[in-house]
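Here are the chains, one letter per residue:
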Amino acid sequence: MGEIADKREQPKNLGQNEKRQRYRNYHKVNICQLLDFTKRFVIYLHMENKSKHTRPSWDQYFIEVMEAVAKRSTCDRGRSGCVIARNNVILSTGYVGSPTGSPHCDDVGHLMKEMIHEDGSKSKHCMRTTHAEANAIAQAAKNGVSIDGATLYCRMTPCRTCAMLISNCGIKRVIVQHDYHGKSETAEIFKNAGVKFEMLSTAPPSYSDQ
Ligand SMILES: [Zn+2]
Ligand SMILES: [Zn+2]
């Protein structure tokens, strides 16, 4: 121990201490630089993520609202929803459901009817509910809200009855999320009424007993 203590006191050992101190200082600087770099990198990643956020278009926004509305539906053959908007403001909403006070399909089962078409083909439909589009129009009427010139967003191509209602209440644009089989009549009704008809996907949604 005495020998080591003696060596430290010698000028040569003092030089080594100085080297050690310089070495420590050098690493201290490097650690500070590394922390600074890490901080800058985290800020960069944060800004990158921020810039990657893309706001939905108004059409996407209303379609997403329509999907939320559709969750209130009471018939699992087509949990459809509808949003009617004008100038980017929602005027009315509707979803598939039984008339006020009547039992729901989810509680008592569907009320199925078979339709025979002109070409002999058959299709089955649940008749217990009022469709989402008709319910949205009914809600506007109940609240005294004009939907003239508005855009209607819904899940599937509207049926003939809904297409006629949509045309007659002055709606000028219809955007559907999915096509629905056998609805060429709807396109014809909209064309005659000057209603712009847009489809996001041509694939129809599937459910049993169509
Ligand atoms: Zn049903
Ligand atoms: Zn309908």
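Residues numbered from 1 in each chain as written. Chains lettered and ligands numbered in written order. Predicted model: local features only at pLDDT ≥ 70, side-chain atom pairs only at ≥ 80, totals over all residues.

What should I look at first to understand the overall build of the chain in this one?
When its secondary structure is counted, the chain shows seven helices and seven strands. Counting from the amino terminus, helix and strand elements in the chain follow one another as α-α-α-β-β-α-β-β-α-β-α-β-α-β. With 210 residues in all, the chain has 24% of them scored as buried. Sequence separation of 24 or more characterises 55% of the internal contacts of the chain that already satisfy a separation of 6 or more. (Helix = DSSP H or I, 4+ residues; strand = E, 2+ residues; numbered from the N terminus. Buried ≥ 20, exposed ≤ 12 C-beta atoms within 10 Å, placed from the backbone. Contact = placed C-beta atoms within 7 Å.)

Teacher, can you tell me more about helix H5 (residues 132-143) here?
Quick reminder: α-helices carry 3.6 residues per turn. Residues three or four places apart thus point the same way. Here H5 spans 17 Å end to end across 12 residues, near enough to the 16 Å set by a 1.5 Å rise per residue. Of all the residues in H5, the buried ones are Ala132, Glu133, Asn135, Ala136 and Ile137. On its buried face, H5 is in contact with strand S1 (81-86), strand S2 (89-95), strand S5 (151-156) and helix H6 (160-168). Downstream of H5 by a residue or two, Gly144 has a phi angle that is positive, lying close to 65°. (Expected span 1.5 Å × (residues − 1).)

I'm lost on H6 in this one. Help?
For H6, the set of buried residues is Cys162, Ala163, Ile166 and Ser167. Along the axis of H6, the buried positions cluster into a sector of 135°, meaning they face one direction only. Turned more than 90 degrees away from the buried face of H6 sit Thr161 and Asn168, all of them exposed. In this fold, the buried residues of H6 make contact with H5, S5, strand S6 (173-178) and helix H7 (184-193). Just past H6, the residue Gly170 takes up positive phi, approximately 90°. (Arc of directions from axis to C-beta.)

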